[in-house]
Amino acid sequence: MPNVSDCDARTFALQMYYIEVSNAMSSSGALTNVIHLLTNSQTLANLEFRECGLNDNAIYTLAKGLKHSKLKKLDLRDNHFTSRGATELDHVLKDHPTLTKEMVEMPIQLQ
């Protein structure tokens, strides 16, 4: 299972199906690399961001990248964002072609 901090996102952008990013947000480039993958990969379907310390600003950035992704599952459990970040995700999911609220795991439930 590839870890973004161990690879160059541009090399794997067209090949990745699943990425697990855990405790990696101390690397400022990890979120940037994942956003690059989200917007350029035709195969990335599952993304797991567990225990990464994602706050509302990080969720806002991630939500922008989700708009053009092919994701089918997103795991955001054990992070630190609030209802503000969850609301931003909700706005993106309403129009997302492959990712639904039911396929997003996070500490705050979307209504």
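Residues numbered from 1 in each chain as written. Predicted model: local features only at pLDDT ≥ 70, side-chain atom pairs only at ≥ 80, totals over all residues. Heavy atoms only, no water.

A. Local environment of the pairing of strand E2 (residues 46-50). Counting buried positions over the five residues of E2 gives four, a clear majority of the element. Looking at chain direction, strand E1 (residues 18-22) and E2 are connected through five bridges and run parallel. Each bridged residue has a counterpart across the sheet, and for Ser-22 the counterpart in E2 is Arg-50. The pairing of E2 with strand E3 (residues 73-75) spans three bridges and is parallel. In the sheet register, Leu-47 faces E3, and the bridge partner there is Leu-74. (Buried < 20%, exposed > 50% of the residue type's maximum accessible area, 1.4 Å probe, protein only. Helix = DSSP H or I, 4+ residues; strand = E, 2+ residues; numbered from the N terminus. Pairing = 2+ DSSP bridges.)

B. Broad picture of helix H3 (residues 56-66). The set of residues buried in H3 consists of Asp-56, Ala-58, Ile-59, Leu-62, Ala-63, Gly-65 and Leu-66. Here H3 starts with a cap whose side-chain oxygen sits 3.1 Å from the backbone nitrogen of Asn-57, and that cap is Asn-55. (Polar contact = N/O pair within 3.5 Å; in protein donor to acceptor, adjacent residues only side chain to side chain.)

C. Region of the structure containing unusual backbone geometry. A positive phi is found at Glu-51, a non-glycine position, where the angle reads about 50°. Summarising the element assignment, Glu-51 is placed in the loop between E2 and H3. We classify Glu-51 as partly exposed; its relative accessible area is 44%.

D. The arrangement of the nonpolar core in detail. Core analysis: the biggest nonpolar cluster contains 28 residues, and Leu-38, Leu-47, Phe-49, Leu-62, Leu-66 and Leu-76 have the highest contact counts within it. Those elements that place two or more of their residues in this core are E1, helix H2 (28-40), E2, H3 and helix H4 (83-94). Contacts of Leu-38, omitting those with residues within four sequence positions, involve Leu-44, Leu-47, Leu-62, Gly-65, Leu-66, His-68, Ser-69 and Leu-71. (Core = buried A, V, L, I, M, F, W, Y, C linked by side-chain atoms within 4.5 Å. Contact = heavy atoms within 4.5 Å.)

E. Spatial organisation of the confidence of the model for the protein chain. Mean pLDDT over the protein chain: 80, with 77% of residues reaching 70 or higher. Ranking the helices and strands of the protein chain by mean pLDDT puts E3 first, with 94, and helix H1 (residues 9-12) last, with 49. (pLDDT = per-residue confidence, 0-100.)

F. Molecular detail of the environment of His-96. Relative to the helices and strands, His-96 is located in the loop between H4 and strand E4 (104-105). For His-96, a relative accessible area of 8% translates into the label buried. Between the alpha carbons of His-96 and Leu-71 there is a distance of 9.1 Å; along the sequence they are 25 residues apart. Setting aside its immediate chain neighbours within four residues, His-96 contacts Leu-66, Lys-67, Ser-69 and Leu-71. Only 2.9 Å separates the side chain of His-96 from the backbone nitrogen of Leu-99, close enough to count as a polar contact.

G. Up close: H4. Helix length check: H4, at 12 residues, gives a terminal C-alpha distance of 16 Å against a target of 16 Å (1.5 Å per residue), a fit within 8%. Where H4 is concerned, the buried positions are Gly-85, Ala-86, Leu-89, Asp-90, Val-92 and Leu-93. End-on, the buried residues of H4 take up no more than an arc of 165°, which puts them together on one face. Those residues of H4 that are exposed and aimed more than 90 degrees away from the buried face are Arg-84 and Lys-94. Its buried side turned inward, H4 meets H3 and E4. (Expected span 1.5 Å × (residues − 1). Arc of directions from axis to C-beta.)

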